[in-house]
Amino acid sequence: MRGHVVAIIAVVVAATATREPTLARQAQAQSPQQYFGFRIGTDGELARYPKILEYLQHLSKTTNRLQYKEVGKTTMGNPYVLATISAPENLARIDRLVEINRRLADPRGLTVDEARKLAEEGRAFVFLYATIHSTEVGNTQALTEIAHRLVTENSPYIKQILDNVVLLVVPSQNPDGQYLVVDHWYKTKGTPFARVYPDLYHKYVGHDDNRDWFMFTQIETRLAIGIQNQYKPIITHDMHQMGSGGARIFVPPFDDPYDPNIHPILAQGQASYGMAVASALVAEGKGGVEWGNRYDLWTPARQYMVYHGQPRILTEIASVNLADPIVNPAGKNVPFGAQEPRANFPLPYTRSDWRLRDIVDYGVTAAFAGISHVARHRTLWLENFYKVHADWVNWKGKPYAFVIPAEQRDPFETSELLDILRIGEVEIHQAKAPFTAGGKQYAAASWVIKVAQPYGAFAKTMLERQRYPDLRLFPGGPPKPPYDVTAHTLGMLMGVQVDEIAEPFDASLVNVTKAELHGTVFPPAPKWAYVIPPESNAGFIAVAKLQAARVPVFRGAAAFDLAGKAVAPGAWIIPPSSEATRILSEAARATGLPVAAADQPVKVDAYRLKPETRIGLWRGANNMPGGWMKWLFEQYGFNHRVISSADLSGELASLYDTIVLPEGTSRDTIVRGLDPARNDKEWSWAYGVGDAGWKKLADWVRNGGTLVAIGSSVETARALLDLPIEPILPASSRSARAAGASDASPSDPNQVLRDAFSSPARLDAVLRDRVIDPTTLFYCPGSLLQNEFNTAHPVGFGMPAQWPVFFESDQAYRLKPGFAIQSEVVARYPSRGPILQSGWLLGEDLLRDSQVDYRTQPRATFKLLFNAMFHGPSTHVPASELARLTGS
Ligand SMILES: [Zn+2]
């Protein structure tokens with residue numbers, strides 16, 4: 001303890017000693033207006049991201065309140081930056097302050113008195129970031145003014161903030177998008193071209209980049225989680241923009257429902273911060289602040305922080321046309337949308353114009369109001385941070401734990417799941433010996449995740465089944481749509497068996513920091529062939545590598561016996577060679593892929609994969625599912641290319657064996673595509689292919705090409721080929737998330753309801769609308785539904801007989817009766833038993849005995865997509881030929 005005291009005194013002395021030169025340095029710090037050459041928020045002008053980074057470096061060199069750090073590189077290789085702002089005395093002892101945060105975050109062995117002392121000694125770390133959605137440009141602009149004021153002003157107000165708060169500022173959570181969007185904005189100035197960037201502003205996931213905070217697939221997510229885990233902030237403020245009608249800014253508290261795993265203290269923290277912001281805005285006469293509406297707090301996809309002891313503060317400010325002002329289209333002197341005062345909307349906004357500078361002003365006020373509120377009650381916030389974790393550590397509720405059995409169909413996805421938990425700082429134990437829990441026997445090496453741990457909230461919400469509340473717009477009325485999906489049960493999404501154990505049990509456990517993979521004993525080279533069972537997704541990683549190395553790959557067309565063990569249909573059969581041995585042993589080591597050896601040929605028909613199967617991806621401009629698919633294909637190393645409209649003027653068969661149409665690929669996006677009059681030649685790949693191209697695509701399929709359509713693209717394929725299927729569900733409104741849109745929700749239920757009651761005629765029209773007739777209702781906003789699979793079919797190879805499939809306002813189909821062409825059903829909803837496994841489903845019976853379309857995001861069903869992609873171009877090989885073809 002003495003060592004600490006000495007160290008602190010030394011720091012204070014050092015800070016005092018540098019005070020004189022500091023004042024001199026502060027005088028040199030330029031204002032944003034001086035530095036950028038225009039006032040931030042000026043109509044039509046945007047400070048560019050690289051220059052913003054230069055400006056933050058300028059502030060770090062000219063003052064002693066800001067530390068600039070490049071934390072890493074983004075997906076496209078741009079700098080991802082953290083600026084830490086606080087009083088120099090706090091910056092000088094930041095390691096000690098972080099140590100306090102860590103101790104409060106894991107309070108095991110800490111007494112209440114010790115915790116209180118630490119809360120008094122500690123400082124409140126606030127994580128503040130902007131522009132995860134790159135077209136929501138205003139808040140990154142605002143951060144330049146926020147930073148400048150904090151590092152240059154010497155008022156008691158700013159001093160109180162700096163003394164009590166350590167601000168972790170990420171100027172943009174998606175820097176690549178700032179380059180793309182702002183550069184495009186200036187490049188198109190004075191041209192006939194569209195000013196808003198026409199494609200995904202994050203290379204892979206576009207606007208979905210804030211739906212990644214529970215699976216951590218993207219680099220930027222991991223960089224932000226790295227900051228979260230390193231510093232352990234006690235609050236996160238996430239600055240967004242929304243649509244431009246109605247409210248000017250949304251602040252917490254959120255709308256229903258809240259995930260019940262969010263600690264009530266955090267819910268109250270959100271309300272308290274949000275009200276501080278609302279009060280400040282109203283006091284400044286800034287109208288249009290709203291809370292308790294529109295944005296809910298259900299899915300962890302957007303809210304890592306609430307499972308890590310922090311209130312999540314979302315501010316959503318009304319948008320303009322990127323940097324150009326908007327005037328209410330309803331006319332001058334008409335305010336935007338509904339502006340009647342309400343309990344959660346105290347001060348209407350009365351102007352009929354809205355400008356970038358307004359966004360900056362609202363953003364600056366919101367940030368300062370929130371941060372100074374935290375600064376004034378610093379000790380209380382730190383004590384609450386401790387209490388949340390203390391309650392999780394002392395969890396006595398149900399379940400006691402989750403057990404992940406050692407034996408899994410897919411060791412690769414099992415290790416991926418454990419990795420996600422580990423990134424979320426969940427403690428994982430492994431059993432040293434067999435044990436019994438919940439009346440079931442578990443083998444040694446099974447994993448145990450106890451809920452009683454600092455981040456038990458994250459473990460519980462990711463591993464349990466979601467029971468979404470049956471929320472209605474009014475009693476007996478239509479469902480109130482959630483803001484996002486309703487199910488995220490990781491085991492189901494990833495094809496991993498996870499058991500919920502209600503009561504405490506005894507087992508000999510060790511804490512593990514790395515998942516040891518099972519089944520990785522690699523066999524000696526066989527005389528006939530390597531055999532890989534079809535259950536692991538990692539089989540496809542190996543196949544992509546084998547194909548790239550021109551190693552032939554076969555799949556068993558049916559089940560067979562190997563050394564007395566049954567191997568499921570679709571097993572991979574690979575002739576031994578030094579290349580095959582190298583690739584498979586590496587894959588086995590890296591992914592836990594089980595590889596067996598067969599010295600004698602097995603008697604089974606097979607399919608020979610087309611060497612180097614060429615996959616075309618119809619990514620489409622600004623289609624998020626296409627971007628996700630691109631990322632997925634790169635992860636698996638598939639031999640693929642993004643289809644360019646120019647491909648349709650040549651011979652498709654010379655380019656592709658399989659073409660994948662991701663969700664969201666419509667006839668219109670294919671035929672019309674991007675408009676050449678509004679988009680420069682660099683976008684020619686996404687121009688429409690016209691009716692001739694559409695016909696060429698249909699001919700390519702009829703001549704043997706394999707078309708794999710996903711989600712809404714099934715409708716496109718049905719139109720292209722006149723498929724013998726028909727939709728069975730009533731037309732449902734698709735998810736509100738239009739590609740690349742801001743966070744405006746066109747189907748915002750409360751807005752729909754307000755509109756409905758705006759006039760008697762309007763209400764009549766709404767009630768006539770079949771979609772809100774509760775008796776014909778089908779509603780499934782992103783849930784996990786039970787499916788039965790035909791695992792003997794090449795598209796169902798490797799699937800379990802039953803597993804839940806993710807369904808988000810999708811369609812379901814049945815075969816039209818009486819069609820002569822051959823079509824087969826691979827997956828269907830069960831005739832009896834519960835369909836809903838996790839989330840929310842209304843109208844279950846409409847699905848009985850119908851088939852599903854494919855959806856790729858959940859890893860449990862990747863195999864359906866991959867099987868289809870590779871099977872189409874493959875050729876049938878009789879057993880007698882297989883016996884000869886393989887072997888050296
Ligand atoms: Zn947003």
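Please refer to the structure placed before this passage.
Bear in mind that the values here come from a model prediction, so they are computed numbers and not experimental data.

1. Topic: the overall build of the protein chain
Point 1. Looking only at helices and strands, the protein chain has 27 helices and 36 strands in total.
Point 2. When burial is assessed residue by residue, the protein chain has 60% of its 888 residues classed as buried.
Point 3. Expressed as a percentage of contacts within the protein chain between residues at least 6 apart in sequence, the contacts between residues at least 24 apart total 80%.
Point 4. Only carbon and sulfur atoms are counted for the fraction: they give 54% of the accessible area of the protein chain, which is about 34,100 Å².

2. Details of the environment of Asn344
Point 1. Mapping Asn344 onto the fold places it in the loop between β9 (326-327) and β10 (353-354).
Point 2. Taking C-alpha positions, Asn344 is 8.1 Å from Val289, a pair spaced 55 residues apart along the chain.
Point 3. Among the polar contacts made by the side chain of Asn344, one reaches the main-chain carbonyl oxygen of Trp291 at a distance of 2.8 Å.

3. Notes on the packing of aromatic side chains
Point 1. In total, this model carries 35 aromatic pairs according to the counting rule given.
Point 2. Where Tyr400 meets Phe505, the ring centres are 5.4 Å apart and the plane angle is 80 degrees; that geometry is what we call edge-to-face. Here Phe505 lies in the loop between β16 (499-501) and β17 (509-512) and Tyr400 lies in the loop between α14 (378-393) and β11 (401-404), a separation of 105 residues in the sequence.
Point 3. Phe505 gets classed as buried once you look at its relative accessible area, which sits at 13%.
Point 4. Ring centres of Phe638 and Phe870 lie 5.3 Å apart, and the angle between their planes is 70 degrees; this geometry places the pair in the edge-to-face category.

4. What about the sheet that holds strand β22 (residues 572-574)?
Point 1. Reading across the sheet, the six strands line up as β23-β18-β22-β19-β24-β36 and stay open at both edges, with antiparallel pairing between neighbours. Among the strands making up the open sheet, the edge pair consists of β23 (596-598) and β36 (875-877). Averaged over all pairs of adjacent strands, the angle between their axes in this sheet comes to 35 degrees, without regard to strand direction.
Point 2. Both strand β18 (residues 529-532) and β23 contribute to a ladder of three bridges, which runs antiparallel. Residue Val531 lies in a different strand from β23, and its bridge partner there is Ala596.
Point 3. Contacting β18 and β22, helix α19 (residues 578-591) crosses the sheet at an angle of about 25 degrees to β18.

5. Focus on unusual backbone geometry
Point 1. The omega angle of the peptide bond from Pro252 to Pro253 is 10 degrees, so this bond is cis rather than trans.
Point 2. Inspection of the secondary structure assignment puts Pro253 in the loop between β6 (249-250) and α12 (264-283).
Point 3. A cis amide bond links Lys398 with the next residue in sequence, Pro399, at an omega value of 0 degrees.
Point 4. Checked against the element boundaries, Pro399 lands in the loop between α14 and β11.
Point 5. One non-glycine residue, Ala445, lies in positive phi territory at about 80 degrees.
Point 6. Note on placement: Ala445 falls in the loop between β14 (440-442) and β15 (447-450).

6. Brief notes about the side chain of Gln466
Point 1. Position of Gln466 relative to the elements: it lies in the loop between α16 (456-463) and α17 (490-494).
Point 2. Among the residues examined, Gln466 registers a relative accessible area of 5% and is labelled buried.
Point 3. For Gln466, the side chain forms a polar contact with the main-chain oxygen of Glu464, separated by 3.2 Å.

7. Topic: the pairing of strand β4 (residues 165-170)
Point 1. Counting buried positions along β4 yields six of six residues, so the element is predominantly enclosed.
Point 2. Of the two faces of β4, the one carrying Val165, Leu167 and Val169 and the one carrying Val166, Leu168 and Val170 are both buried.
Point 3. Pairing of strand β3 (residues 124-130) with β4, which is carried by six bridges, proceeds in the parallel orientation. Each residue of the ladder has a partner; that of Phe127, found in β4, is Leu168.

8. Remarks on empty space enclosed by the protein
Point 1. Evaluation of the coordinates by the stated rule reveals seven cavities of 30 Å³ or more.
Point 2. Here the largest cavity is characterised by a volume of approximately 80 Å³.
Point 3. In this structure, the largest cavity is lined by Arg409, Asp410, Glu413, Met494, Gly495, Asn537, Met799, Pro800, Trp803, Arg859, Ala860 and Lys863.
Point 4. Among the residues making up the lining of the largest cavity, the classes are represented as five nonpolar, two polar and five charged.

9. Description of the pairing of strand β28 (residues 706-709)
Point 1. Neither face of β28 is exposed, since Thr706 and Val708 on one face and Leu707 and Ala709 on the opposite face are all buried.
Point 2. Relative to β28, strand β27 (residues 658-661) runs parallel, the two sharing four bridges. Across the sheet, the residue bridging to Thr658 is Thr706, located in β28.

10. Focus: the pattern of salt bridges
Point 1. What the rule picks out here adds up to 39 salt bridges.
Point 2. With a shortest N-O distance of 2.9 Å, Glu70 and Lys73 are connected by a salt bridge.
Point 3. Judged by relative accessible area, Lys73 falls into the partly exposed class, the value being 46%.
Point 4. For the salt bridge of Lys610 with Asp657, the shortest nitrogen-to-oxygen distance reads 2.5 Å. One end of the pair, Lys610, is in the loop between β24 (606-608) and β25 (615-617); the other, Asp657, is in the loop between β26 (640-642) and β27, with 47 residues separating them in the sequence.
Point 5. The exposure class assigned to Asp657 is buried, which follows from its relative accessible area of 8%.
Point 6. Within this structure, Asp43, Arg351, Asp353, Arg355 and Asp358 form a network of salt bridges that share partners.

11. Digging into the packing of helix α6 (residues 94-105) against helix α7 (residues 112-121)
Point 1. Taken N-terminus to C-terminus, the directions of α6 and α7 make an angle of 145 degrees; their axes are 10 Å apart at the nearest point. Crossing angle aside, the handedness with which α6 passes α7 is left-handed. Of the residues in α7, those touching α6 at Arg96, Leu97, Ile100, Arg103 and Leu104 are Ala115, Leu118, Ala119 and Glu121.

12. Re the packing of α7 against α14
Point 1. Where α7 contacts α14, the two axes come as close as 8 Å, and the packing angle between them is 135 degrees. The angle between the axes of α7 and α14 places the two elements in the oblique class. The crossing of α7 and α14 is right-handed. Here Val112, Ala115, Arg116, Ala119, Glu120 and Glu121 of α7 come into contact with α14, specifically with Arg378, Thr379, Leu382, Glu383 and Tyr386.
Point 2. Class assignment for the residues of the contact of α7 with α14 results in five nonpolar, one polar and five charged.

The rules behind the values
Residues numbered from 1 in each chain as written. Predicted model: local features only at pLDDT ≥ 70, side-chain atom pairs only at ≥ 80, totals over all residues. Heavy atoms only, no water. Helix = DSSP H or I, 4+ residues; strand = E, 2+ residues; numbered from the N terminus. Buried < 20%, exposed > 50% of the residue type's maximum accessible area, 1.4 Å probe, protein only. Contact = heavy atoms within 4.5 Å. Areas by Shrake-Rupley, 256 points an atom, 1.4 Å probe, with all protein chains shown as cover. Polar contact = N/O pair within 3.5 Å; in protein donor to acceptor, adjacent residues only side chain to side chain. Phe/Tyr/Trp six-rings, centres within 6.5 Å; stacked < 30°, edge-to-face > 60°. Pairing = 2+ DSSP bridges. Axes fitted to C-alpha atoms, helices over the stretch in contact; angles between N-to-C directions. 1 Å grid on protein atoms, 1.4 Å probe; cavity = no way out; pocket = protein on both sides within 12 Å on 5 of 7 lines; lining within 4 Å. Points joined across faces, edges and corners; volume = space filled by probe spheres on them. Nonpolar A, V, L, I, M, F, W, Y, C, P; charged D, E, K, R; others polar. Salt bridge = Lys/Arg side-chain N within 4 Å of Asp/Glu carboxyl O. Left-handed = near helix turned anticlockwise from the far one by under 90°. Parallel < 35°, antiparallel > 145°, perpendicular 65-115°, else oblique.

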